[in-house]
Amino acid sequence: YPMDNDHDILLVGCGNMGAALLEGWLAQGFDPRRLRVVDAQREALERVRALGISAQPALAPVTSPIDVVVLAVKPQQLEALIPDCRPLAAAGSLILSIAAGKPIEFFERLLGGQPMVVRAMPNTPAAIGQGITALVANRAVGDAKRALCERLMRAVGEVVWIEDETLMDAVTAVSGSGPAYVFLLIEALSAAGVAAGLDRNLADHLARATVAGSAAYAKQSSAAAATLRQQVTSPGGTTQAALEVLMADDGLVPLLRKAVQAAAARGRELA
């Protein structure tokens, strides 16, 4: 990527997600001299400064113009932080929040005025650049700023926009919480292998590699998931015997629907 000398980005919070974003931005060609980091942890500040990026323990002294302020902190830390973002938002900085569950209205209320706010929901695979992030913007955000937010989040994987923020609970229930469902699948598949007589390490290795390989195969295929499933299923064979259990009326499909509905309902409660 060519060096991006046009944008000043302030990252607040340099934990796992913040660090993954920073690494992605540098790889994308963002100018380290125009990136700034705020983090309360001394180790995080030292790591960031070693990359040639200026870092400080608190947000308050930032006065220079910033294009986007990225809030990559825990939701419970926001209330204390946002007052320090007010002058930046008033001066035209866009606020991009990665804090789970906090609606745009929460930021508008605490920032006051007519702030530009984008809410992002990335997921855990972002840590290795394989995430998917859903974005939703308020009305104040124009096309150029939307494009910049998209580029910032593309640093850790794919990006999709939603226009209706009420869908964010459903998105969170599918892609935000979804990695946990997949990890549970690996866990359960491995345990079932052990129950069928396999050594624990072998069962775990087979389960991880199978889930990872199948996911990679599905991602690069243009065929529907149902078609891929049918291609693996010989009539009357071993796979069909297993699928008759998984696809029964009380099998995996209604179970996952219930799980996603429970996660979405909890998201609405938390908001």
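All of these numbers come straight from a predicted model, not from anything done at the bench.

A.B. asks: Help me out: how do you make sense of the overall build of the chain in this one?
C.D. replies: Looking only at helices and strands, one finds 11 helices and eight strands in the chain. Taking all 271 residues of the chain together, the buried fraction comes to 39%. Across the chain, every contact between residues at least 6 apart in sequence was considered, and the portion connecting residues at least 24 apart equals 63%. Per element, the accessible surface of the chain, about 15,200 Å² overall, is 58% carbon and sulfur. Here the chain holds 24 positive side-chain charges and 27 negative ones, and the gap between their average locations is 2 Å.

A.B. asks: What's the story with the sheet that holds strand β6 (residues 116–121) in this structure? I'm lost.
C.D. replies: The strands making up a sheet are joined through hydrogen bonds of the backbone, oriented either antiparallel or parallel. An order of β3-β2-β1-β4-β5-β6-β7-β8 is seen for the eight strands of this open sheet, with the pairing classed as mixed. Two strands close off the open sheet at either side, each with one partner strand: β3 (54–56) and β8 (157–161). In this sheet, adjacent strand axes meet at a mean angle of 20° when their direction is disregarded. In the packing of helix α6 (residues 168–176) onto the sheet, the strands contacted are β6 and β7 (131–137), and the crossing angle to β6 comes to about 35°.

A.B. asks: Whenever I open this one, the packing of aromatic side chains confuses me. Can you help?
C.D. replies: Scanning the model with the defined rule gives one aromatic pair in all. Look at F106 and F107: their rings are 5.1 Å apart centre to centre, the planes differ by 90°, and that puts the pair in the edge-to-face class. Considered together, F106 and F107 belong to a single accessibility category, that of buried residues. Between the NZ or CZ atom of K102 and the centre of the ring of F106, over which it lies, the distance is 4.7 Å. Here the basic side chain of R146 rests over the ring of W161, its NZ or CZ set 4.1 Å away from the ring centre.

A.B. asks: Mind showing me how you'd approach the nonpolar core here?
C.D. replies: Nonpolar side chains tend to gather and get buried jointly when the protein is soluble and globular. Membership of the largest hydrophobic core comes to 34 residues, with the highest contact counts inside it found for L22, W25, V70, L96 and L152. Counting 29 residues, the second largest nonpolar core, distinct from the first, contains V69, L71, M121 and V136.

A.B. asks: Just checking my understanding: could you explain the side chain of S93 for this structure?
C.D. replies: Considering the arrangement of structural elements, one finds S93 in the loop between α3 (78–90) and β5 (94–97). The exposure class of S93 is buried, given its relative accessible area of 2%. For S93, the side chain forms a polar contact with the main-chain oxygen of I66, separated by 2.7 Å. Every residue in contact with S93, bar those within four places of it in the chain, is listed here: I66, D67, V69, L88 and M116.

The rules behind each value
Residues numbered from 1 in each chain as written. Predicted model: local features only at pLDDT ≥ 70, side-chain atom pairs only at ≥ 80, totals over all residues. Heavy atoms only, no water. Helix = DSSP H or I, 4+ residues; strand = E, 2+ residues; numbered from the N terminus. Buried < 20%, exposed > 50% of the residue type's maximum accessible area, 1.4 Å probe, protein only. Contact = heavy atoms within 4.5 Å. Areas by Shrake-Rupley, 256 points an atom, 1.4 Å probe, with all protein chains shown as cover. Lys, Arg positive; Asp, Glu negative; His and termini not counted. Charge placed at Lys NZ, Arg CZ, Asp CG, Glu CD. Pairing = 2+ DSSP bridges. Axes fitted to C-alpha atoms, helices over the stretch in contact; angles between N-to-C directions. Phe/Tyr/Trp six-rings, centres within 6.5 Å; stacked < 30°, edge-to-face > 60°. Lys NZ or Arg CZ within 6 Å of the ring centre and 35° of its normal. Core = buried A, V, L, I, M, F, W, Y, C linked by side-chain atoms within 4.5 Å. Polar contact = N/O pair within 3.5 Å; in protein donor to acceptor, adjacent residues only side chain to side chain.

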